[in-house]
Amino acid sequence: MAKPFYFSIQSWMLEDMQLKLAEAAVYAYIHGLTTSEEMGKQGWHGSVRRLANILHTSPSTMNDIINRLEEKGYIHFYNGFITSTINREPSPKEPDVRNPDTNLASEGDGAPF
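A look at the pairing of strand β3 (residues 81–84)
Every second residue of β3 is oriented toward a common face, with F81 and T83 on one face and I82 and S84 on the other, all of them buried. With two bridges joining them, strand β1 (residues 44–45) and β3 adopt antiparallel strand pairing. Each bridged residue has a counterpart across the sheet, and for W44 the counterpart in β3 is I82. Examined bridge by bridge, strand β2 (residues 75–78) and β3 share four bridges and lie antiparallel to one another.

So this is what it looks like as structure tokens:
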């Protein structure tokens, strides 16, 4: 059985890289494997068909996504591995704001709707 692995679609993947959600999911998965110490920081090693199966999409859709990410220079093929080429770590000086609208001042009479 494979090791459990979690990946996150980061806001910079959607906003700065202008990826569609499916592209961001594929990129986030590859990026997670590329940057994970526990997974050996090697990226994805396997077929595109297997990657499509893991991420529950068709092989033809996965091929299209992989080709677009490679054309944009966001992924790289090396010795049978697919690795991400962009690595953005949060600055230690920036606060960790996950949902900035959770602290909005309440309005109205307090009714939920």
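Alright, that's what it looks like, and here's the rest.
Observations concerning the sheet that holds β1
Taken in spatial order, the three strands line up as β1-β3-β2 in an open sheet, and their pairing is antiparallel. Lying at the two open borders of the sheet, with one neighbouring strand each, are β1 and β2. Against the sheet, helix α2 (residues 21–35) contacts β1, β2 and β3, and its axis sits at roughly 95 degrees relative to β3. Strands in contact with helix α4 (residues 59–71) are β2 and β3; relative to β2, the strand with the most contacts, it is inclined by about 100 degrees.

Digging into unusual backbone geometry
A positive phi angle is found at H56, which is not glycine, with a value near 55 degrees. Looking at the element boundaries, H56 is found in the loop between α3 (48–54) and α4. Positive phi, close to 50 degrees, is recorded for N79, a residue that is not glycine. Considering the arrangement of structural elements, one finds N79 in the loop between β2 and β3.

Let's talk about the nonpolar core
Generally speaking, a soluble globular protein has its nonpolar side chains buried in company with each other. By size, the foremost hydrophobic cluster in this structure holds 22 residues, and its most contacted members are Y27 and I66. Breaking this core down by element, the ones donating at least two residues are α1 (11–15), α2, α3 and α4. At seven residues, the largest contribution of residues to this core is made by α2. Excluding residues within four positions of it along the chain, I66 makes contact with V26, I30, V48, L51, I75, F77 and I82.

Overview of α4
Counted at 1.5 Å a residue, the expected span for α4 with its 13 residues is 18 Å, and the 18 Å between its end C-alpha atoms agrees. Burial in α4 covers these residues: M62, I65, I66 and L69. The buried residues of α4 all sit within an arc of 100 degrees when viewed along its axis, so they share a single face. Buried residues in α4 make contact with α2, α3, β2 and β3. G73 sits one or two residues past α4 and shows a positive phi near 80 degrees.

Rules behind the numbers
Residues numbered from 1 in each chain as written. Predicted model: local features only at pLDDT ≥ 70, side-chain atom pairs only at ≥ 80, totals over all residues. Heavy atoms only, no water. Buried < 20%, exposed > 50% of the residue type's maximum accessible area, 1.4 Å probe, protein only. Helix = DSSP H or I, 4+ residues; strand = E, 2+ residues; numbered from the N terminus. Pairing = 2+ DSSP bridges. Contact = heavy atoms within 4.5 Å. Axes fitted to C-alpha atoms, helices over the stretch in contact; angles between N-to-C directions. Core = buried A, V, L, I, M, F, W, Y, C linked by side-chain atoms within 4.5 Å. Expected span 1.5 Å × (residues − 1). Arc of directions from axis to C-beta.

Spatial relationships are all this shows, so hold off on functional conclusions.
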